[in-house]
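# Working through the structure, step by step
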Amino acid sequence: MAESIEGIIERVSEGGNLLVNLVLIDINTWQTSQEVWKAWQSGVKAEGVNTANMGIYRLVDNEVVFDLLGKQGNLFMDDRFQEDTYNGILQYDFFLLPYAMKQHVMSAITGNVSLTVRYSGLRLKTKDCGANYCFIESSDSNTDEEKKLFNGVYGVENPGNGRKIYLLRQNVVEAQLKDKPTELIAHACYLYYDLNFNANDLCIFSCRSAVRGVRRRRVSEANSASVSEPNTGTDKPLIVEPNFREAYLALKAGKKSFQAPNGVYELRKT
């Protein structure tokens, strides 16, 4: 019987940053926060990952709103924008989207495939937060707007009293956009080991930026099976794992293969 996709999803981190980790999985299987939460609820050690969500901050009628994108609209899901989005988030504390990216994101928002919440409906807290950040906390007395955001992140209105969602502070968004009211600020999203959710993630360049998804099949297995002549002094061919950085650079350059120590490896989508 074929194995279910849930059985082959893994936490992938060895790429060393978000961009390379995404190369190591079938990006269509990259899990959203709701999917990671569901896996954790079923007993999987799934937390501590960047999720297939993107946080967008903007002004609507002079009010700060937050949009939670899933796979649709997430700039990391699109080959055209992936690298520029990665570099933009790393280079700027408040990454304002270029026109093409902005159009892509707004098509998801206006197409009602994202979640929009008004800051005016959130009871924002700042205790023990950095100067740019705030949070809402799950409880039995959450406002309707807070319940909507918790449901968007976790799939339930109350994922447990004390669970937190971190956002940019209202005054910070207003200061960044007051002279640019039609611009959008974008951030990556991270689900911590304690299952708190960060919608303003900037740490996408480290080994903590793991993802959950289905690994790409390694063509090296097929290549190694075709080697018939053993290397000198061994009874088996020498198999050296391909270098993922070389694979990523080749993929980025649009190449169909890359050179590794024990041969040429084909790149293909699976």
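Owing to the predicted nature of the structure, the values given are computational and were not obtained by experimental measurement.

## Description of the overall build of the chain
Counting secondary structure elements, the chain contains 8 helices and 12 strands. Here the chain holds 270 residues, and the buried ones make up 46% of them. Once local pairs closer than 6 in sequence are excluded, the contacts in the chain between residues at least 24 apart make up 64%. Accessible area of the chain: about 13900 Å², with a carbon and sulfur share of 48%.

## Thoughts on the pairing of strand β2 (residues 49-60)
In terms of burial, β2 is largely enclosed, as 11 of its 12 residues are buried. Of the pairings in the sheet, the one linking β2 to strand β8 (residues 185-191) comprises 6 bridges and is antiparallel in character. Bridging from a neighbouring strand, Asn50 pairs with Tyr190 of β8. Pairing analysis gives 7 bridges linking β2 to strand β3 (residues 63-69), with the strands arranged antiparallel. Paired with Arg58 across the bridge in β3 is Val65.

## A look at the nonpolar core
Counting 34 residues, the largest nonpolar core has Tyr57, Phe66, Leu149, Ile165, Leu167 and Phe197 as its most contacted members. Among the elements that line this core, the one with the most residues is helix α5 (residues 144-154), at 4 residues. Among the nonpolar cores identified, the runner-up in size contains 30 residues, and Ile56, Phe95, Leu97 and Ala108 belong to it.

## Quick word on helix α6 (residues 170-177)
What α6 keeps buried is the set Val172, Val173 and Leu177. Projected onto a plane normal to the axis of α6, the buried residues spread over an arc of 115° and lie on a single side. Those residues of α6 that are buried are in contact with β2, β3, β4 (95-96), β7 (164-168) and β8.

## Focus: the pattern of salt bridges
Pairs can form between side chains of opposite charge once their charged atoms are near each other. Scanning the model with the defined rule gives 10 salt bridges in all. Across the pair Arg123 and Glu146 runs a salt bridge, and its minimum N-O distance is 3.1 Å. With Arg123 in the loop between β5 (114-118) and β6 (133-137) and Glu146 in helix α5, this pair connects stretches of sequence that are 23 residues apart. Exposure remark for Arg123: the relative accessible area of 40% places this residue in the partly exposed category. The exposure class assigned to Glu146 is buried, which follows from its relative accessible area of 1%. Between Glu137 and Lys164 there is a salt bridge; the shortest N-O distance is 4.0 Å. One end of the pair, Glu137, is in strand β6; the other, Lys164, is in strand β7, with 27 residues separating them in the sequence. Overall, the relative accessible area of 19% leaves Lys164 in the buried class.

## As for the state of the cysteines
Taken as a whole, this structure holds 0 disulfides when the rule is applied. Here Cys134 is not cross-linked by a disulfide; its sulfur's nearest cysteine counterpart is in Cys129, at 6.9 Å.

The rules behind the values
- Residues numbered from 1 in each chain as written.
- Predicted model: local features only at pLDDT ≥ 70, side-chain atom pairs only at ≥ 80, totals over all residues.
- Heavy atoms only, no water.
- Helix = DSSP H or I, 4+ residues; strand = E, 2+ residues; numbered from the N terminus.
- Buried < 20%, exposed > 50% of the residue type's maximum accessible area, 1.4 Å probe, protein only.
- Contact = heavy atoms within 4.5 Å.
- Areas by Shrake-Rupley, 256 points an atom, 1.4 Å probe, with all protein chains shown as cover.
- Pairing = 2+ DSSP bridges.
- Core = buried A, V, L, I, M, F, W, Y, C linked by side-chain atoms within 4.5 Å.
- Arc of directions from axis to C-beta.
- Salt bridge = Lys/Arg side-chain N within 4 Å of Asp/Glu carboxyl O.
- Disulfide = S-S within 2.5 Å.

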